[in-house]
Amino acid sequence: METKLSVNINKVATIRNARGGNVPNVQQVAVDCQKFGAHGITVHPRPDERHIRYNDVRLLRPLVYTEFNIEGYPNKSFIDLVLEAKPEQVTLVPDPPEAITSNAGWDTVKNWQMLSEIIATFQKAGIRTSIFVDTNLKNIEFAVKTGTNRIELYTEPFATNFPNNPIAATASFTEAAKLAHSLGLEINAGHDLSLENLKYFVTNVPFIKEVSIGHALISDALYFGLENTIQLYLRQLVK
Ligand code: PXP
């Protein structure tokens, strides 16, 4: 099974916003990522619009002809934006507005009812859903109850432990992926994946449909250029 690469372009918007103009051009970068082989574009609009703005999402929609994935905390303005943009996929994350980046998955045991209502709304609009979870097996079991199509495994703990003990770093992810797959969920993964750890992750953890990668990929592009960098990441996904 091929694992798809969705490029998270939030960091590009962070650089643009540092100067107030339109350099680098976020929309052009999305077009070029696709031209260079990315299978999808991910954005994470936050309420303070400190990187991707709500209007970026509107401008990106007609330009993203691969898979558009909008991720974020499902408050009212986020839900309205997603329903307006109708991306191919929405990924729900539990991070509060002031979080620097997502730093935990959903407690699906506590939140499955709330999530199931929002998920039903998106699915009715023809939007595939994914929810961000850690590898706790109870959270995987309750993710099924939400009716979501996919989960996204939060890979930061893998990335942290990988340099010391790669086998131990993947163990809980393999177990979670096997359980999720057996329960009928499709599986994405993301957070702190990089050229160093990506190949090991996707060759050792089964059933990963898609990875979304931002920070490391955009940083690598400073050295290798965007086209080469995307090619390098795509090569890690060949098993
Ligand atoms: N997945 C989710 C839910 C995220 O919030 C982020 C960061 O915005 C990513 C994936 C990508 O993480 P990174 O920027 O570390 O590649």
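Here, every reference points to the structure presented above.
Everything numeric in this text was worked out from a predicted model, so none of it was measured.

### Focus on the overall build of the protein chain
Piece 1. Of regular secondary structure, the protein chain possesses 11 helices and 8 strands.
Piece 2. Relative to the 2.2 N^0.38 estimate, which gives 18 Å for 239 residues, the radius of gyration of the protein chain is 17 Å and therefore close to what a compact globule would have.
Piece 3. On the principal axes, the C-alpha backbone points of the protein chain span a range of 45 × 40 × 30 Å.
Piece 4. For the protein chain, buried positions account for 51% of its 239 residues.
Piece 5. Sequence-distant contacts in the protein chain: of pairs separated by 6 or more residues, those separated by 24 or more amount to 67%.
Piece 6. Roughly 10700 Å² of accessible area belongs to the protein chain as shown, and the carbon and sulfur atoms make up 55% of that amount.
Piece 7. On the protein chain, the mean spot of the 23 positive side-chain charges and the mean spot of the 25 negative ones are 3 Å from each other.

### As for the packing of helix H10 (residues 215-224) against helix H11 (residues 226-236)
Piece 1. At a minimum axis separation of 7 Å, H10 and H11 run at an interaxial angle of 125 degrees. With respect to H11, the axis of H10 lies oblique. Note that H10 runs across H11; the crossing there is right-handed. Packed against H10, whose contacting residues are Ala-216, Leu-217, Asp-220, Ala-221 and Phe-224, the element H11 presents Leu-226, Asn-228, Thr-229, Ile-230, Leu-232 and Tyr-233 at the interface.
Piece 2. Taken together, the residues of the contact of H10 with H11 sort by class into 8 nonpolar, 2 polar and 1 charged.

### A few points about a nonpolar patch on the surface
Piece 1. A contiguous nonpolar patch, built from Leu-222, Tyr-223 and Phe-224 and spanning about 430 Å² of accessible area, is present on the exposed surface.
Piece 2. Summarising the element assignment, Leu-222 is placed in helix H10.

### Notes on the site of the ligand
Piece 1. Close to the ligand lie 15 residues, the nearest being Ser-102, Glu-152, Asp-192, Gly-214 and His-215.
Piece 2. Here an oxygen atom of the ligand sits 2.8 Å away from a polar atom, N or O, in the main chain of Asp-192.
Piece 3. The fraction of the free accessible surface of the ligand (390 Å²) that becomes covered by protein chains is 94%.
Piece 4. For the shell around the ligand, a count of residues per class yields 3 nonpolar, 9 polar and 3 charged.

### As for the pattern of salt bridges
Piece 1. The full count for this structure, using the stated rule, is 12 salt bridges.
Piece 2. With a shortest N-O distance of 2.6 Å, Arg-128 and Glu-67 are connected by a salt bridge. One end of the pair, Arg-128, is in strand S5 (residues 128-133); the other, Glu-67, is in strand S3 (residues 67-72), with 61 residues separating them in the sequence.
Piece 3. By relative accessible area, Arg-128 is classed as partly exposed at 22%.
Piece 4. Residue classification places Glu-67 among the buried positions, given a relative accessible area of 11%.
Piece 5. Close ionic contact of Arg-150 with Glu-186 constitutes a salt bridge, the shortest N to O distance being 3.0 Å. You can see Arg-150 sitting in strand S6 (residues 150-154) and its partner Glu-186 sitting in strand S7 (residues 186-190), a full 36 residues away along the chain.
Piece 6. Residue classification places Arg-150 among the buried residues on the basis of a relative accessible area of 7%.
Piece 7. The exposure class of Glu-186 is partly exposed, given its relative accessible area of 29%.
Piece 8. Here the salt bridges share partners, and the residues they tie into one network are Arg-150, Glu-186, Lys-209 and Glu-210.

### Describing the packing of aromatic side chains
Piece 1. Throughout the structure, instances matching the rule amount to 7 aromatic pairs.
Piece 2. Plain terms: the ring middles of Tyr-73 and Trp-106 are 6.1 Å apart, the flat faces sit at 25 degrees to each other, and that makes the pair stacked. Linking Tyr-73 in the loop between S3 and helix H4 (76-85) with Trp-106 in the loop between strand S4 (89-92) and helix H5 (108-124), this pair joins segments that are 33 residues apart in sequence.
Piece 3. A relative accessible area of 3% means that Trp-106 is categorised as buried.
Piece 4. What links up through ring pairs into an aromatic cluster is the set Phe-158, Phe-162, Phe-173, Tyr-200 and Phe-201.
Piece 5. Over the aromatic face of Trp-112 sits the side chain of Lys-145, whose NZ or CZ is 4.6 Å from the ring centroid.

Here is what the cut-offs are and how they apply
- Residues numbered from 1 in each chain as written.
- Predicted model: local features only at pLDDT ≥ 70, side-chain atom pairs only at ≥ 80, totals over all residues.
- Heavy atoms only, no water.
- Helix = DSSP H or I, 4+ residues; strand = E, 2+ residues; numbered from the N terminus.
- Rg over C-alpha atoms; globule rule 2.2 N^0.38 Å.
- Buried < 20%, exposed > 50% of the residue type's maximum accessible area, 1.4 Å probe, protein only.
- Contact = heavy atoms within 4.5 Å.
- Areas by Shrake-Rupley, 256 points an atom, 1.4 Å probe, with all protein chains shown as cover.
- Lys, Arg positive; Asp, Glu negative; His and termini not counted.
- Charge placed at Lys NZ, Arg CZ, Asp CG, Glu CD.
- Axes fitted to C-alpha atoms, helices over the stretch in contact; angles between N-to-C directions.
- Parallel < 35°, antiparallel > 145°, perpendicular 65-115°, else oblique.
- Left-handed = near helix turned anticlockwise from the far one by under 90°.
- Nonpolar A, V, L, I, M, F, W, Y, C, P; charged D, E, K, R; others polar.
- Patch = residues over 30% accessible without salt bridge, like charges linked within 9 Å, V, L, I, M, F, W, Y side chains within 5 Å.
- Salt bridge = Lys/Arg side-chain N within 4 Å of Asp/Glu carboxyl O.
- Near = heavy atom within 4 Å.
- Polar contact = N/O pair within 3.5 Å; in protein donor to acceptor, adjacent residues only side chain to side chain.
- Phe/Tyr/Trp six-rings, centres within 6.5 Å; stacked < 30°, edge-to-face > 60°.
- Lys NZ or Arg CZ within 6 Å of the ring centre and 35° of its normal.

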